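# Architecture at a glance
Okay, here's what each chain looks like letter by letter:
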Amino acid sequence: MNTESSVSLIIPVFNGAEYLGKCLDAILASDRGPLEIIGVDDGSTDNTYQMALERGMAVFRLPRQSGPAAARNCGASKSKGDILFFIDADVVIKRDTIRRVIENLALHPEHAAVFGSYDDDPPEQNFISQYKNLFHHFVHQQSNMEAFTFWAGCGAVRREVFKAVGGFDQNRYPRPSIEDIELGYRMRKMGYRIALDKQLQAKHLKRWTIKTLLRTDILDRATPWSVLILENKNLPKDLNLRLTDKLIAAFACLSVSMFPFFFHKPWTVVASLLLILSVLLMNRRLYTFYLCRKGASFAVLAFVLHVFYYLYGTGALVVCLLRTSLSSGRNSKVAYHA
(Lines give C-alpha, C1' and ligand atoms only; values in the text may rest on other atoms or scores of the structure.)
Protein backbone atom coordinates (compact mmCIF):
# COMPACT_ATOMS: atom_id res chain seq x y z
CA MET A 1 0.00 0.00 0.00
CA ASN A 2 1.22 3.50 -0.75
CA THR A 3 0.14 7.09 -0.18
CA GLU A 4 -2.08 6.88 -3.27
CA SER A 5 -4.33 4.35 -1.55
CA SER A 6 -8.01 5.18 -1.72
CA VAL A 7 -10.16 5.78 1.34
CA SER A 8 -13.84 5.05 1.77
CA LEU A 9 -15.22 7.07 4.64
CA ILE A 10 -18.14 5.31 6.36
CA ILE A 11 -20.51 7.08 8.76
CA PRO A 12 -23.22 5.18 10.65
CA VAL A 13 -25.95 7.54 11.84
CA PHE A 14 -29.15 7.38 13.86
CA ASN A 15 -31.08 10.61 14.43
CA GLY A 16 -27.89 12.55 13.84
CA ALA A 17 -29.26 15.68 12.17
CA GLU A 18 -27.96 17.84 15.03
CA TYR A 19 -24.34 16.84 14.38
CA LEU A 20 -24.07 15.37 10.89
CA GLY A 21 -23.66 18.72 9.13
CA LYS A 22 -20.57 19.63 11.17
CA CYS A 23 -19.17 16.14 10.67
CA LEU A 24 -19.51 16.43 6.88
CA ASP A 25 -18.21 20.01 6.75
CA ALA A 26 -14.98 18.88 8.44
CA ILE A 27 -14.59 15.99 6.01
CA LEU A 28 -15.09 18.24 2.99
CA ALA A 29 -12.50 20.68 4.39
CA SER A 30 -9.84 17.95 4.64
CA ASP A 31 -6.51 18.48 2.90
CA ARG A 32 -6.87 14.98 1.45
CA GLY A 33 -10.30 13.97 0.25
CA PRO A 34 -11.71 10.43 0.51
CA LEU A 35 -12.66 8.39 -2.53
CA GLU A 36 -16.23 8.38 -1.27
CA ILE A 37 -18.32 9.32 1.73
CA ILE A 38 -20.91 6.70 2.61
CA GLY A 39 -23.60 7.32 5.17
CA VAL A 40 -25.78 4.54 6.53
CA ASP A 41 -29.04 5.68 8.12
CA ASP A 42 -29.94 3.25 10.89
CA GLY A 43 -33.69 3.91 10.99
CA SER A 44 -33.58 7.61 11.86
CA THR A 45 -36.86 9.34 12.73
CA ASP A 46 -35.56 12.90 12.22
CA ASN A 47 -34.42 14.54 8.96
CA THR A 48 -30.99 12.89 8.92
CA TYR A 49 -31.60 11.13 5.60
CA GLN A 50 -32.78 14.28 3.81
CA MET A 51 -29.89 16.34 5.20
CA ALA A 52 -27.34 13.80 3.99
CA LEU A 53 -28.88 13.69 0.52
CA GLU A 54 -28.93 17.49 0.24
CA ARG A 55 -25.19 17.56 0.95
CA GLY A 56 -24.48 15.11 -1.84
CA MET A 57 -23.64 12.22 0.44
CA ALA A 58 -24.24 8.63 -0.69
CA VAL A 59 -26.78 7.37 1.83
CA PHE A 60 -28.12 3.88 2.39
CA ARG A 61 -31.03 3.12 4.68
CA LEU A 62 -31.32 -0.02 6.75
CA PRO A 63 -34.82 -1.56 6.65
CA ARG A 64 -35.00 -1.36 10.47
CA GLN A 65 -32.84 -0.03 13.28
CA SER A 66 -30.04 -2.59 13.63
CA GLY A 67 -27.22 -0.78 15.41
CA PRO A 68 -23.90 0.78 14.31
CA ALA A 69 -22.25 -2.63 13.72
CA ALA A 70 -24.81 -3.46 11.01
CA ALA A 71 -24.64 0.09 9.63
CA ARG A 72 -20.85 -0.02 9.31
CA ASN A 73 -20.98 -3.45 7.68
CA CYS A 74 -23.51 -2.14 5.19
CA GLY A 75 -21.32 0.85 4.38
CA ALA A 76 -18.27 -1.38 3.97
CA SER A 77 -20.16 -3.66 1.56
CA LYS A 78 -21.05 -0.65 -0.62
CA SER A 79 -17.55 0.87 -0.57
CA LYS A 80 -14.68 0.71 -3.06
CA GLY A 81 -11.65 2.02 -1.17
CA ASP A 82 -8.51 0.17 -0.09
CA ILE A 83 -8.98 1.65 3.39
CA LEU A 84 -12.26 1.62 5.29
CA PHE A 85 -12.28 4.67 7.54
CA PHE A 86 -15.08 4.65 10.12
CA ILE A 87 -16.18 7.94 11.69
CA ASP A 88 -19.12 8.49 14.02
CA ALA A 89 -21.69 11.08 12.95
CA ASP A 90 -21.03 13.21 16.06
CA VAL A 91 -17.27 13.38 15.46
CA VAL A 92 -15.43 16.23 13.70
CA ILE A 93 -12.07 15.31 12.18
CA LYS A 94 -9.14 17.67 11.56
CA ARG A 95 -7.86 18.84 8.19
CA ASP A 96 -5.01 16.33 8.19
CA THR A 97 -6.90 13.33 9.62
CA ILE A 98 -7.49 11.44 6.38
CA ARG A 99 -3.94 12.09 5.21
CA ARG A 100 -2.54 10.84 8.55
CA VAL A 101 -4.50 7.60 8.23
CA ILE A 102 -3.19 6.99 4.70
CA GLU A 103 0.39 7.81 5.65
CA ASN A 104 0.31 5.66 8.79
CA LEU A 105 -0.85 2.57 6.90
CA ALA A 106 1.52 3.31 4.01
CA LEU A 107 4.58 3.73 6.24
CA HIS A 108 3.65 0.73 8.39
CA PRO A 109 2.54 -2.18 6.22
CA GLU A 110 2.55 -4.33 9.36
CA HIS A 111 -0.45 -2.38 10.67
CA ALA A 112 -3.84 -3.79 9.76
CA ALA A 113 -5.70 -0.92 11.37
CA VAL A 114 -5.16 2.43 13.04
CA PHE A 115 -7.31 4.54 15.34
CA GLY A 116 -7.03 7.75 17.33
CA SER A 117 -8.81 9.49 20.18
CA TYR A 118 -11.04 12.43 21.06
CA ASP A 119 -9.23 15.72 21.50
CA ASP A 120 -8.95 17.58 24.81
CA ASP A 121 -11.36 20.39 23.94
CA PRO A 122 -14.94 19.02 23.88
CA PRO A 123 -17.48 21.70 22.87
CA GLU A 124 -20.21 20.71 25.36
CA GLN A 125 -19.46 22.54 28.61
CA ASN A 126 -21.56 20.64 31.16
CA PHE A 127 -19.57 18.67 33.73
CA ILE A 128 -20.51 15.16 32.55
CA SER A 129 -19.60 15.90 28.92
CA GLN A 130 -16.27 17.43 29.90
CA TYR A 131 -15.49 14.58 32.32
CA LYS A 132 -16.40 11.81 29.88
CA ASN A 133 -14.66 13.20 26.79
CA LEU A 134 -11.52 14.28 28.65
CA PHE A 135 -11.30 10.85 30.30
CA HIS A 136 -11.49 9.15 26.89
CA HIS A 137 -8.76 11.48 25.59
CA PHE A 138 -6.50 10.87 28.58
CA VAL A 139 -6.85 7.07 28.51
CA HIS A 140 -6.01 6.84 24.82
CA GLN A 141 -3.12 9.28 25.13
CA GLN A 142 -1.60 7.21 27.94
CA SER A 143 -2.09 3.83 26.26
CA ASN A 144 0.29 1.67 24.26
CA MET A 145 0.78 2.57 20.62
CA GLU A 146 0.67 -1.16 19.91
CA ALA A 147 -3.03 -1.60 20.59
CA PHE A 148 -4.94 -4.73 21.60
CA THR A 149 -8.33 -3.45 20.51
CA PHE A 150 -9.97 -1.06 18.05
CA TRP A 151 -12.06 2.12 18.19
CA ALA A 152 -14.53 2.90 15.40
CA GLY A 153 -15.30 6.48 16.41
CA CYS A 154 -12.28 7.52 14.34
CA GLY A 155 -10.55 4.37 13.11
CA ALA A 156 -9.51 2.77 9.84
CA VAL A 157 -9.02 -0.83 8.71
CA ARG A 158 -7.48 -2.23 5.55
CA ARG A 159 -10.26 -3.62 3.35
CA GLU A 160 -8.71 -7.07 2.97
CA VAL A 161 -8.31 -7.42 6.73
CA PHE A 162 -11.87 -6.29 7.41
CA LYS A 163 -13.14 -8.95 5.01
CA ALA A 164 -10.82 -11.61 6.41
CA VAL A 165 -12.09 -11.19 9.98
CA GLY A 166 -15.74 -10.95 8.92
CA GLY A 167 -16.44 -7.32 9.80
CA PHE A 168 -18.35 -6.20 12.89
CA ASP A 169 -20.46 -8.77 14.73
CA GLN A 170 -23.87 -7.22 14.03
CA ASN A 171 -25.80 -10.21 15.38
CA ARG A 172 -24.18 -10.06 18.78
CA TYR A 173 -24.29 -6.27 19.01
CA PRO A 174 -27.62 -4.99 17.63
CA ARG A 175 -27.25 -1.69 19.49
CA PRO A 176 -24.30 0.64 20.24
CA SER A 177 -21.91 -1.36 22.40
CA ILE A 178 -18.38 -2.76 22.20
CA GLU A 179 -18.63 -4.00 18.61
CA ASP A 180 -15.39 -2.20 17.74
CA ILE A 181 -13.55 -3.59 20.78
CA GLU A 182 -14.66 -7.11 19.86
CA LEU A 183 -13.52 -6.55 16.26
CA GLY A 184 -10.11 -5.56 17.60
CA TYR A 185 -9.94 -8.72 19.71
CA ARG A 186 -10.63 -10.85 16.62
CA MET A 187 -8.02 -9.01 14.56
CA ARG A 188 -5.41 -9.58 17.24
CA LYS A 189 -6.39 -13.27 17.58
CA MET A 190 -5.81 -13.72 13.87
CA GLY A 191 -2.34 -12.17 14.15
CA TYR A 192 -3.08 -8.69 12.81
CA ARG A 193 -1.47 -5.64 14.41
CA ILE A 194 -3.37 -2.48 15.37
CA ALA A 195 -1.84 0.95 15.90
CA LEU A 196 -2.98 3.76 18.18
CA ASP A 197 -1.95 7.08 16.61
CA LYS A 198 -2.05 9.59 19.46
CA GLN A 199 -1.89 12.52 17.04
CA LEU A 200 -4.99 11.29 15.23
CA GLN A 201 -7.45 13.32 17.29
CA ALA A 202 -11.04 14.34 16.57
CA LYS A 203 -13.63 16.45 18.36
CA HIS A 204 -16.62 14.73 19.97
CA LEU A 205 -19.81 16.79 19.77
CA LYS A 206 -22.03 14.58 21.94
CA ARG A 207 -23.69 16.02 25.03
CA TRP A 208 -23.46 13.58 27.92
CA THR A 209 -25.79 13.48 30.92
CA ILE A 210 -25.52 11.34 34.04
CA LYS A 211 -28.33 9.14 32.66
CA THR A 212 -26.66 8.52 29.29
CA LEU A 213 -23.27 8.03 30.95
CA LEU A 214 -24.52 5.34 33.35
CA ARG A 215 -26.59 3.56 30.71
CA THR A 216 -23.71 3.53 28.26
CA ASP A 217 -20.97 2.67 30.75
CA ILE A 218 -22.86 -0.09 32.56
CA LEU A 219 -25.24 -1.65 30.01
CA ASP A 220 -23.43 -1.00 26.74
CA ARG A 221 -19.79 -1.23 27.76
CA ALA A 222 -18.90 -2.64 31.19
CA THR A 223 -21.30 -5.58 31.03
CA PRO A 224 -20.66 -6.78 27.46
CA TRP A 225 -16.92 -6.10 27.84
CA SER A 226 -16.88 -8.24 31.00
CA VAL A 227 -18.60 -11.05 29.09
CA LEU A 228 -16.03 -10.74 26.31
CA ILE A 229 -13.14 -10.83 28.77
CA LEU A 230 -14.52 -13.95 30.46
CA GLU A 231 -15.08 -15.66 27.12
CA ASN A 232 -11.52 -14.94 26.05
CA LYS A 233 -10.19 -15.78 29.55
CA ASN A 234 -7.90 -12.84 29.26
CA LEU A 235 -7.73 -9.32 30.69
CA PRO A 236 -5.80 -7.21 28.15
CA LYS A 237 -3.11 -4.90 29.51
CA ASP A 238 -4.28 -1.97 27.46
CA LEU A 239 -6.38 1.21 27.64
CA ASN A 240 -8.02 1.28 31.11
CA LEU A 241 -7.33 -2.40 31.86
CA ARG A 242 -3.67 -2.18 32.78
CA LEU A 243 -2.39 -3.73 36.01
CA THR A 244 -2.42 -0.35 37.76
CA ASP A 245 -6.07 0.20 36.81
CA LYS A 246 -7.01 -3.23 38.16
CA LEU A 247 -5.32 -2.46 41.49
CA ILE A 248 -6.99 0.96 41.68
CA ALA A 249 -10.39 -0.63 41.04
CA ALA A 250 -9.76 -3.17 43.81
CA PHE A 251 -8.68 -0.46 46.28
CA ALA A 252 -11.72 1.70 45.44
CA CYS A 253 -14.11 -1.20 45.98
CA LEU A 254 -12.44 -2.24 49.24
CA SER A 255 -12.56 1.32 50.54
CA VAL A 256 -16.27 1.76 49.84
CA SER A 257 -17.08 -1.72 51.21
CA MET A 258 -15.83 -0.55 54.61
CA PHE A 259 -18.36 2.31 54.90
CA PRO A 260 -21.03 0.23 56.77
CA PHE A 261 -18.50 -0.69 59.48
CA PHE A 262 -17.34 2.85 60.33
CA PHE A 263 -19.41 3.16 63.55
CA HIS A 264 -18.74 -0.34 64.83
CA LYS A 265 -15.09 -0.72 63.89
CA PRO A 266 -13.29 2.66 63.93
CA TRP A 267 -10.13 1.20 62.39
CA THR A 268 -12.04 0.75 59.11
CA VAL A 269 -12.21 4.53 58.75
CA VAL A 270 -8.43 4.76 58.68
CA ALA A 271 -8.13 1.76 56.37
CA SER A 272 -10.73 3.18 54.00
CA LEU A 273 -9.00 6.56 53.91
CA LEU A 274 -5.65 4.93 53.20
CA LEU A 275 -7.16 2.98 50.31
CA ILE A 276 -8.78 6.12 48.88
CA LEU A 277 -5.45 7.91 49.23
CA SER A 278 -3.83 5.05 47.29
CA VAL A 279 -6.43 5.46 44.54
CA LEU A 280 -5.65 9.17 44.41
CA LEU A 281 -1.88 8.69 44.29
CA MET A 282 -1.90 5.84 41.77
CA ASN A 283 -4.17 7.87 39.48
CA ARG A 284 -2.50 11.21 40.15
CA ARG A 285 -1.66 11.80 36.48
CA LEU A 286 -5.35 11.68 35.55
CA TYR A 287 -6.46 13.97 38.37
CA THR A 288 -3.59 16.35 37.67
CA PHE A 289 -4.75 16.43 34.06
CA TYR A 290 -8.28 17.35 35.20
CA LEU A 291 -6.86 19.93 37.60
CA CYS A 292 -4.77 21.63 34.93
CA ARG A 293 -7.52 21.55 32.32
CA LYS A 294 -10.58 22.47 34.42
CA GLY A 295 -9.56 23.54 37.92
CA ALA A 296 -9.72 22.20 41.49
CA SER A 297 -13.49 21.87 41.94
CA PHE A 298 -13.81 19.97 38.66
CA ALA A 299 -10.95 17.64 39.63
CA VAL A 300 -12.58 16.84 42.99
CA LEU A 301 -15.94 16.04 41.37
CA ALA A 302 -14.17 13.99 38.70
CA PHE A 303 -12.38 12.00 41.42
CA VAL A 304 -15.68 11.16 43.13
CA LEU A 305 -17.34 10.14 39.87
CA HIS A 306 -14.27 8.14 38.89
CA VAL A 307 -14.40 6.12 42.12
CA PHE A 308 -18.03 5.38 41.26
CA TYR A 309 -16.85 4.34 37.80
CA TYR A 310 -14.54 1.75 39.36
CA LEU A 311 -17.41 0.47 41.50
CA TYR A 312 -19.89 -0.17 38.71
CA GLY A 313 -17.20 -1.43 36.33
CA THR A 314 -15.99 -3.97 38.87
CA GLY A 315 -19.58 -4.79 39.82
CA ALA A 316 -20.42 -5.61 36.20
CA LEU A 317 -17.43 -7.95 35.98
CA VAL A 318 -18.37 -9.71 39.23
CA VAL A 319 -22.00 -10.15 38.15
CA CYS A 320 -20.92 -11.58 34.80
CA LEU A 321 -18.46 -13.89 36.55
CA LEU A 322 -21.20 -15.17 38.88
CA ARG A 323 -23.57 -15.72 35.97
CA THR A 324 -20.89 -17.63 34.10
CA SER A 325 -20.14 -19.78 37.14
CA LEU A 326 -23.82 -20.55 37.77
CA SER A 327 -24.36 -21.34 34.11
CA SER A 328 -21.35 -23.67 34.09
CA GLY A 329 -22.63 -25.36 37.25
CA ARG A 330 -26.07 -25.98 35.75
CA ASN A 331 -24.56 -27.33 32.54
CA SER A 332 -22.33 -29.70 34.55
CA LYS A 333 -25.32 -31.05 36.47
CA VAL A 334 -27.26 -31.61 33.26
CA ALA A 335 -24.31 -33.42 31.73
CA TYR A 336 -23.87 -35.54 34.87
CA HIS A 337 -27.53 -36.61 35.04
CA ALA A 338 -27.58 -37.28 31.31
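Since this is a predicted model, take the numbers as computed values, not measurements. (Residues numbered from 1 in each chain as written. Predicted model: local features only at pLDDT ≥ 70, side-chain atom pairs only at ≥ 80, totals over all residues. Heavy atoms only, no water.)

### Here we look at the environment of Y19
Here Y19 is to be found in helix 1 (residues 17-28). A residue is classified by how much of its surface remains accessible, and Y19, at 17% relative accessible area, is buried. In contact with Y19, other than residues within four places in its own chain, are A89, D90, L205, K206 and R207. (Helix = DSSP H or I, 4+ residues; strand = E, 2+ residues; numbered from the N terminus. Buried < 20%, exposed > 50% of the residue type's maximum accessible area, 1.4 Å probe, protein only. Contact = heavy atoms within 4.5 Å.)

### A word on the packing of helix 5 (residues 127-142) against helix 11 (residues 284-294)
In contact at an axis separation of 11 Å, helix 5 and helix 11 are set at 130° when each is read in the N-to-C sense. Judged by the angle between their axes, helix 5 and helix 11 are oblique. You can see that helix 5 and helix 11 cross each other, and the crossing is right-handed. Where helix 5 approaches helix 11, its residues Q130, Y131, L134, F135, H137, F138 and Q142 are matched on the opposing element by R285, L286, F289, Y290, R293 and K294. (Axes fitted to C-alpha atoms, helices over the stretch in contact; angles between N-to-C directions. Parallel < 35°, antiparallel > 145°, perpendicular 65-115°, else oblique. Left-handed = near helix turned anticlockwise from the far one by under 90°.)

### Quick word on the pairing of strand 1 (residues 7-13)
If a strand is regular, its side chains alternate between the two faces of the sheet. Among the seven residues in strand 1, seven count as buried, and that is most of the element. Both faces of strand 1 are covered, namely the face carrying V7, L9, I11 and V13 and the face carrying S8, I10 and P12. Pairing of strand 1 with strand 4 (residues 83-87) involves four bridges; the strand directions are parallel. Residue pairing for strand 4: S8 is matched across the bridge by L84. Where strand 1 meets strand 2 (residues 36-41), six bridges bridge the pair, whose relative direction is parallel. Residue pairing for strand 2: I11 is matched across the bridge by G39. (Pairing = 2+ DSSP bridges.)

### Regarding helix 3 (residues 68-78)
Across the eleven residues of helix 3, nine count as buried, placing the element largely inside the fold. Buried within helix 3 we find P68, A69, A70, A71, R72, N73, C74, G75 and A76. Along its buried surface, helix 3 packs onto strand 1, strand 2, strand 3 (58-61), strand 4, helix 6 (159-165) and helix 7 (179-189).

### Considerations on a nonpolar patch on the surface
A surface patch of nonpolar side chains, amounting to about 430 Å² of accessible area, comprises V270, L274, L277, L280 and L281. Tracing the backbone through its elements, the reader meets L280 in helix 10 (residues 267-282). Assessed through its relative accessible area of 36%, L280 is described here as partly exposed. (Patch = residues over 30% accessible without salt bridge, like charges linked within 9 Å, V, L, I, M, F, W, Y side chains within 5 Å. Areas by Shrake-Rupley, 256 points an atom, 1.4 Å probe, with all protein chains shown as cover. Salt bridge = Lys/Arg side-chain N within 4 Å of Asp/Glu carboxyl O.)

### Structural notes on the nonpolar core
Membership of the largest hydrophobic core comes to 57 residues, with the highest contact counts inside it found for I11, F85, F150 and M187. The greatest single-element share of this core, amounting to seven residues, is contributed by helix 1. (Core = buried A, V, L, I, M, F, W, Y, C linked by side-chain atoms within 4.5 Å.)

### Topic: the pattern of salt bridges
This structure, assessed with the given rule, holds 17 salt bridges. Notably, a salt bridge pairs K203 with D119, separated by 2.9 Å at the nearest N-O pair. With a gap of 84 residues between them, K203 in strand 9 (residues 193-204) and D119 in the loop between strand 6 (111-118) and helix 5 connect regions that are remote in the sequence. When its relative accessible area of 23% is taken as the criterion, K203 is described as partly exposed. Here the residues in one salt-bridge network are D31, R99 and E103, joined through shared partners.

### Comments concerning helix 10
With 16 residues, helix 10 should reach 22 Å at 1.5 Å per residue; the first-to-last C-alpha distance of 23 Å fits that figure. Of the residues making up helix 10, those classed as buried are T268, A271, S272, L275 and V279. The buried side chains of helix 10 occupy one side of the element, clustering within an arc of 100° when seen end-on. Within helix 10, the exposed residues directed more than 90 degrees away from the buried face are W267, V270, L273 and L274. (Expected span 1.5 Å × (residues − 1). Arc of directions from axis to C-beta.)

### Looking at the environment of G295
Within the secondary structure, G295 is located in the loop between helix 11 and helix 12 (296-337). Separated by 223 residues in sequence, G295 and R72 have C-alpha atoms that sit 39 Å apart.

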